[in-house]
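Residue-level listing of the chains:
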Amino acid sequence: MTLSPVHSFYFLGPLLISTDHCRPGTSHKNLELISKVRVNTQAVLKRAQHIQGQKIPKKQWQAAWLLKAVTCIDLTTLAGDDTPSNVHRLCMKAIQPIRYDLLKKIDMHSKGITTAAVCVYPSRVADAVTSLKAANSSLPVASVATGFPAGQTPLKTRLEEVRMAVADGATEIDIVINRTLALTGQWEAMYDEICSFREACGDAHMKTILAIGELGTFTNVYKASLVAMMAGSDFIKTSTGKEAVNATYSVAIVMVRAIRDYFLRTGHKVGFKPAGGIRTAQESLLWLTLIKEELGNDWLCPLLFRLGASSLLADIERQIYHHVTGQYAAYHELPMA
Ligand SMILES: O=C[C@H](O)COP(=O)(O)O
């Protein structure tokens, strides 16, 4: 699919972004275009409304898309009462997200369907790594870090948290941006912080959480997206799941347009992860539709698209059960981690 810039909502001025990311040992501060960003709010809202009005696929097509959604889930537990045993159950569910007999009925049992990753707090990374290793699974362990969810701890502590999660075996790190810097327009300082997180991540994939519910305006969301991508993020992610407003379609439009604009200028594909409050199978289908329409099929894979969710999988499995049996399952029939 050809991605065209003609529908861009933004006036970005001349091409200013370097094609290189800020990787350890390099520095590419080129933030002049940030001041030029303007977002057309009405156009964003209209586009989001259009996406939400899209017809979702039915029958076997729906089942196929739901399985695609499963493979893009970062199956998450981020609770104060997390223990090695509930993290273990989460890992087992991630390895076999849909009941084997249901997959067999639709001839999908041998496709190796798993979620994309499990996502836990830094203190639980070692538990997840142990559980997955014992099950002979190479599923990635993602960890939130950098003072998740508020990011209001000293930089030294946030960096140490990243290093600790990586040392314990996390291969994906979900960092949170410093909202204070974003809200006071200190974009260069934010860029520098994210670059330091990038360095602390080493080879681990870095997903940068914008916490859009606390950024105030679409313009700030677009600017934060650009800064995060320029500083070397592999993904940009909407929310922690802990803000009052989390993944919304309108904010997603702004973020994916930033990803698209960045790709058109640099040739670099950055992934997108909506997270927080995504609970129903129908919502997951709308998210896939949004990605397909806005970024194209290239982005419809775990390498470039994730759904951050703690309870979405239960509803998807329920819909698959209904597709296979014609009945809705009682909750005890589909044990969820
Ligand atoms: O990153 C993932 C989110 O924290 C999950 O949010 P959720 O519990 O609302 O699904």
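What counts, and where the lines are drawn
- Residues numbered from 1 in each chain as written.
- Predicted model: local features only at pLDDT ≥ 70, side-chain atom pairs only at ≥ 80, totals over all residues.
- Heavy atoms only, no water.
- Helix = DSSP H or I, 4+ residues; strand = E, 2+ residues; numbered from the N terminus.
- Contact = heavy atoms within 4.5 Å.
- Buried < 20%, exposed > 50% of the residue type's maximum accessible area, 1.4 Å probe, protein only.
- Disulfide = S-S within 2.5 Å.
- Pairing = 2+ DSSP bridges.
- Right-handed = clockwise from strand over helix to strand, strands pointing away.
- Axes fitted to C-alpha atoms, helices over the stretch in contact; angles between N-to-C directions.
- Parallel < 35°, antiparallel > 145°, perpendicular 65-115°, else oblique.
- Left-handed = near helix turned anticlockwise from the far one by under 90°.
- Nonpolar A, V, L, I, M, F, W, Y, C, P; charged D, E, K, R; others polar.
- Near = heavy atom within 4 Å.
- Polar contact = N/O pair within 3.5 Å; in protein donor to acceptor, adjacent residues only side chain to side chain.
- Areas by Shrake-Rupley, 256 points an atom, 1.4 Å probe, with all protein chains shown as cover.
- Phe/Tyr/Trp six-rings, centres within 6.5 Å; stacked < 30°, edge-to-face > 60°.
- Lys NZ or Arg CZ within 6 Å of the ring centre and 35° of its normal.

1. Side note on the side chain of Ser143
- Take Ser143: it is sitting in strand E3 (residues 141–144).
- If we skip the residues at most four places from it in the chain, Ser143 touches Val120, Tyr121, Pro122, Val125, Ala165, Ala170, Glu172, Ile173 and Asp174.

2. Description of unusual backbone geometry
- Cis rather than trans, the peptide bond between Phe148 and Pro149 has omega equal to 0 degrees.
- Structurally, Pro149 can be placed in the loop between E3 and helix H6 (155–167).
- Residues other than glycine seldom take positive phi values, yet Thr146 does so here, at roughly 65 degrees.
- Take Thr146: it is sitting in the loop between E3 and H6.
- At Ala211, a position not held by glycine, the phi torsion is positive, near 55 degrees.
- Since its relative accessible area comes to 0%, Ala211 is described here as buried.

3. Looking at the state of the cysteines
- Following the criterion strictly, the structure yields zero disulfides and no others.
- The cysteine Cys201 is free of any disulfide, with Cys195 supplying the nearest cysteine sulfur at 12 Å.
- Of the residues examined, Cys201 reaches a relative accessible area of 1% and is grouped as buried.
- Considering cysteine sulfurs only, Cys72 is the nearest to Cys301, which forms no disulfide, with 7.1 Å between them.

4. Quick notes on the environment of Leu290
- Within the element layout of this structure, Leu290 appears in helix H11 (residues 281–294).
- Separated by 236 residues in sequence, Leu290 and Gln54 have C-alpha atoms that sit 9.3 Å apart.
- When neighbours within four sequence positions are excluded, Leu290 is seen to be in contact with Ile51, Tyr249, Ala252, Ile253, Val256 and Leu295.

5. Re the pairing of strand E4 (residues 172–176)
- Most of E4 sits inside the fold, with five of its five residues counted as buried.
- Of the strand pairs in this sheet, E3 and E4 are connected by three bridges, and their pairing is parallel. Residue pairing in the sheet places Val144 in a bridge with Asp174 of E4.
- Since E3 and E4 lie parallel, the crossover through H6 that links them has a hand, and here it is right-handed.
- Where E4 and strand E5 (residues 205–209) come together, five bridges link them in parallel fashion. Bridging from a neighbouring strand, Val176 pairs with Ile209 of E5.

6. Let's talk about the packing of helix H8 (residues 187–201) against helix H9 (residues 218–230)
- Relative to each other, H8 and H9 sit at 40 degrees, their axes nearing to 9 Å. Relative to H9, the element H8 is oriented oblique. Viewed along their axes, H8 and H9 form a crossing whose handedness is right-handed. On H9, the residues touching Trp187, Met190, Tyr191 and Ile194 of H8 are Asn220, Lys223, Ala224, Val227, Ala228 and Met230.
- Considering only residue class, the contact of H8 with H9 consists of eight nonpolar, one polar and one charged.

7. Points about the sheet that holds strand E7 (residues 271–273)
- The strand order across the open sheet formed by eight strands is E7-E6-E5-E4-E3-E2-E1-E8, and the pairing between neighbours is parallel. The open sheet has two edge strands with one neighbour each: E7 and strand E8 (307–309). Across the sheet, the axes of successive neighbouring strands diverge by a mean angle of 25 degrees, strand direction being ignored.

8. Concerning the site of the ligand
- The environment of the ligand is made up of Thr76, Leu78, Lys237, Thr240, Gly241, Ala275, Gly276, Gly277, Arg279, Gly308, Ala309 and Ser310.
- One of the side-chain nitrogen or oxygen atoms of Ser310 is found 2.5 Å away from an oxygen atom of the ligand.
- Relative to its unbound accessible surface of 310 Å², the ligand loses 91% to contact with the protein.
- Grouping the amino acids of the shell around the ligand by side-chain chemistry returns three nonpolar, seven polar and two charged.

9. Details of the packing of aromatic side chains
- A full pass over the atoms with the stated rule returns four aromatic pairs.
- Aromatic side chains Phe272 and Trp287 sit 6.3 Å apart centroid to centroid with 45 degrees between the ring planes, which places their arrangement in the tilted category. Of this pair, Phe272 sits in strand E7 while Trp287 sits in helix H11, placing them 15 residues apart in sequence. Comparing Phe272 with Trp287 shows no difference in burial state: the two are buried.
- Each residue in the set Tyr249, Phe272 and Trp287 is aromatic and connected to the rest through ring pairs, giving one cluster.
- When the ring centre of Trp299 is taken as origin, the NZ or CZ atom of Lys269, which lies over that ring, is 5.7 Å away.

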